[in-house]
Amino acid sequence: MTASRKSNLLGGHRIVFLAVLCLLGLSVFAAQKHRKAAKPADERIYLIHADELKFDMYGTNPDAQIVKGHVAFRHKGAHLTCDSAFFYQASNSVKAFGHVHFIQGDTLSLSCDHAFYDGQQQMMEARKNVWLHHRKQTLNTDSLNYDRLYNYAYFFEGGVLVDGKNRLKSDWGQYNLKSKEAVFYYSVELKNGKDHIYTDTLYYDTRKSMAHLLGPSRILSGKSTVKTTNGYYDTHSDRARLFGRSTVVDGDKTIVGDSLFYKKEDMSEGFGNVVYVDKKQKNTLHCGYLRYNEKTGYGYATKRVLVKDYSQKDTLYLHADTLKLYTYNINTDSVYRVGHAYPHVRAYRNDIQAVCDSLVFSSLDSCMTMYRDPIVWNANRQLLGERILVFMGDSTVREARVIGQALSIEQVDEKDHFNQISSRQMFAFFEEGNLRRSVATGNVRVIYFPQDDKDSSLIGLNYTETDSMRMYFSPQRQLQKIWSDKADNIIYPMTQIPPTRYKLDAFAWFDSIRPRNKDDIFVWRGKSEGEKLKKIERHAAPLQQLGSGGGAQ
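Notes on the structure follow. (Residues numbered from 1 in each chain as written. Predicted model: local features only at pLDDT ≥ 70, side-chain atom pairs only at ≥ 80, totals over all residues. Heavy atoms only, no water.)

### Re the overall build of the chain
Here is step 1 of the chain: What the chain contains, in helices and strands, is one helix and 36 strands.
Here is step 2 of the chain: The buried share of the chain, reckoned over its 553 residues, is 42%.
Here is step 3 of the chain: For the chain, restricting intrachain contacts to residue pairs at least 6 apart in sequence, the fraction spanning at least 24 positions comes to 36%.
Here is step 4 of the chain: Of the accessible surface of the chain, which amounts to about 30,800 Å², a share of 51% is contributed by carbon and sulfur atoms. (Helix = DSSP H or I, 4+ residues; strand = E, 2+ residues; numbered from the N terminus. Buried < 20%, exposed > 50% of the residue type's maximum accessible area, 1.4 Å probe, protein only. Contact = heavy atoms within 4.5 Å. Areas by Shrake-Rupley, 256 points an atom, 1.4 Å probe, with all protein chains shown as cover.)

### With respect to the packing of aromatic side chains
The way to describe two aromatic rings as a pair is by their centre distance and the angle between their planes.
Here is step 1 of the chain: Under the criterion given, the structure shown has 19 aromatic pairs.
Here is step 2 of the chain: The structure contains a cluster of three or more aromatic residues connected by ring pairs, namely Tyr232, Phe243, Phe261, Phe271, Tyr289 and Tyr300.
Here is step 3 of the chain: Its end group placed over the ring of phenylalanine 429, arginine 437 keeps NZ or CZ at 4.1 Å from the ring centre.
Here is step 4 of the chain: Between the NZ or CZ atom of arginine 501 and the centre of the ring of tyrosine 463, over which it lies, the distance is 4.1 Å. (Phe/Tyr/Trp six-rings, centres within 6.5 Å; stacked < 30°, edge-to-face > 60°. Lys NZ or Arg CZ within 6 Å of the ring centre and 35° of its normal.)

### Quick word on a nonpolar patch on the surface
Here is step 1 of the chain: A grouping of Leu53, Phe55, Met57 and Tyr58 is seen on the molecular surface, where their side chains present a nonpolar patch of about 540 Å² in accessible area.
Here is step 2 of the chain: Within the secondary structure layout, tyrosine 58 lies in the loop between strand E2 (52-55) and strand E3 (65-75). (Patch = residues over 30% accessible without salt bridge, like charges linked within 9 Å, V, L, I, M, F, W, Y side chains within 5 Å. Salt bridge = Lys/Arg side-chain N within 4 Å of Asp/Glu carboxyl O.)

### What to know about the environment of glutamate 465
Here is step 1 of the chain: Topologically, glutamate 465 is positioned in strand E34 (residues 460-473).
Here is step 2 of the chain: Each C-alpha atom, one on glutamate 465 and one on valine 446, is 6.4 Å from the other, the two residues being 19 residues apart in sequence.
Here is step 3 of the chain: If near-sequence neighbours (up to four positions away) are discounted, glutamate 465 is found in contact with Val444, Arg445, Lys486, Ala487 and Asp488.
Here is step 4 of the chain: At 2.6 Å, the side chain of glutamate 465 forms a polar contact with the side chain of tyrosine 463. (Polar contact = N/O pair within 3.5 Å; in protein donor to acceptor, adjacent residues only side chain to side chain.)

### Observations regarding the nonpolar core
Here is step 1 of the chain: Formed by 91 residues in total, the largest nonpolar core has its most connected members in Phe73, Phe102, Leu110, Met124, Phe184 and Leu202.
Here is step 2 of the chain: Apart from residues no more than four positions distant in its own chain, phenylalanine 73 is found in contact with Ile45, Tyr46, Leu47, Ile48, Val67, Ala78, His79, Leu80, Ala85, Phe87 and Val94.
Here is step 3 of the chain: Listed in part, the eleven residues of the second largest apolar core include Val355, Leu384, Ile409 and Phe507. (Core = buried A, V, L, I, M, F, W, Y, C linked by side-chain atoms within 4.5 Å.)

### Examining the pattern of salt bridges
Here is step 1 of the chain: A complete count under the given rule lists 17 salt bridges for this structure.
Here is step 2 of the chain: The partner of arginine 337 in a salt bridge is aspartate 278, and the shortest N-O contact between them spans 3.1 Å. Of the two residues, arginine 337 is situated in strand E23 (residues 336-342) and aspartate 278 in strand E19 (residues 267-278); the sequence distance between them amounts to 59 residues.
Here is step 3 of the chain: Between arginine 525 and aspartate 520 there is a salt bridge, and its shortest N-O distance comes to 2.8 Å.
Here is step 4 of the chain: Relative accessible area serves as the criterion here: at 27%, arginine 525 is assigned to the partly exposed category.
Here is step 5 of the chain: For aspartate 520, a relative accessible area of 12% corresponds to the buried category.
Here is step 6 of the chain: What emerges from the salt-bridge pattern is a single network uniting Glu181, Asp205 and Arg207.

As structure tokens, this is what we get:
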């Protein structure tokens, strides 16, 4: 073979080889181009099965494939079955009729009478007798749009969502299948066992069983009624956080506050301008913060505390920095309550006023005990001592006891003439709010100004020292009779009274401290340091010891 021919042959082989490579390259490019073009086909809706398929080229649906009998479609992992359908392959959509059933994975299924599915937008429009099941939640409505792209289900002609024991109903709503959160609008109703919630707008988190109420809302739970415009309610634990001046009514008790934390038949907390009303006990509590335990009957209040008691003829107003309430034998026929008020206690009622550092009231014996420099005023009389006990009757004060350094003062006229009694102990008995009898015991000293029966002018001054004394008064508060045992008396005419006899050495008139009205109880005016009672140590009787011989020593 010549060199020239050999060269031509090799050149021909190169040309053939290059041509083969070009053909292979074109084939690979065509295959890649075909795969790229085939990728959008994954977005298509596929008809899996139908007993019958036909076209109606000249009918009302010329673009549709009409399929009937056990119809099944598949699209992006979801399956759609129905009795019949119009399949629009060009627009990638389906109109399904009869026993429509849409399944997505193993967590969601939707059934309805008829539906339209847009594969391009991944939107399912289900109509008539729609049931959406997602995990443990079930949504029932007549008109529902399911957006697969954003995992939202909308209903707008009334719907019901069932989540365990919770049943939510409204005119319009939406449910996020990813976050499991739902929103309901207009005529919203939530039922949870015995609890019923009615509101305008409700946000519900199925994972936390938490409902957020907006707009005028009511929660009915047994005998309890909650009213709020902005509240969170845990349907699992029956806890509620209420804002926007909310109200809780539980039988005879009502709590109103700027914000309330409430658990049914358990703890309640109120913040900001709290008002607690007890119709059975006929009293009202106002404060800035309140905590009350329904199970134990324990209550705590602070921040501008005001108690209004309506159980008597007139309203009693009482203020203290802090108030505590204890309930004993709760939920029994022998139930009673004990209230502690401290410090800076001030009380006002038309017929009685009082101040002290701390106060204890028991409903068991209707007794109010005042501690640390207590003072009680009734009309033109003043009582003070180390400790004062006031017993209430059906309508007013029936008895008062002054224990330790007792002092009773009555202002006779505007010229600073005072009837005065000092003793270790003093007892006063009232009828219909009027003092009718008083008893003083232990180192009794009395200054008394007798009056003329005709013109009520003062006759003189009667000074008495005795161990015990009883004084009786008329319904018009006039002294009728005095009884004493082994008394030393001195009577001075008005013109011969020694200057030192006008007042006892224990005399103290605290008219400036006295509450003047119901608003004055918030202004604390206590005794000065020099006016406070001196603490008197009480000596106990010496203990007897037995000697070695067994006799007392």
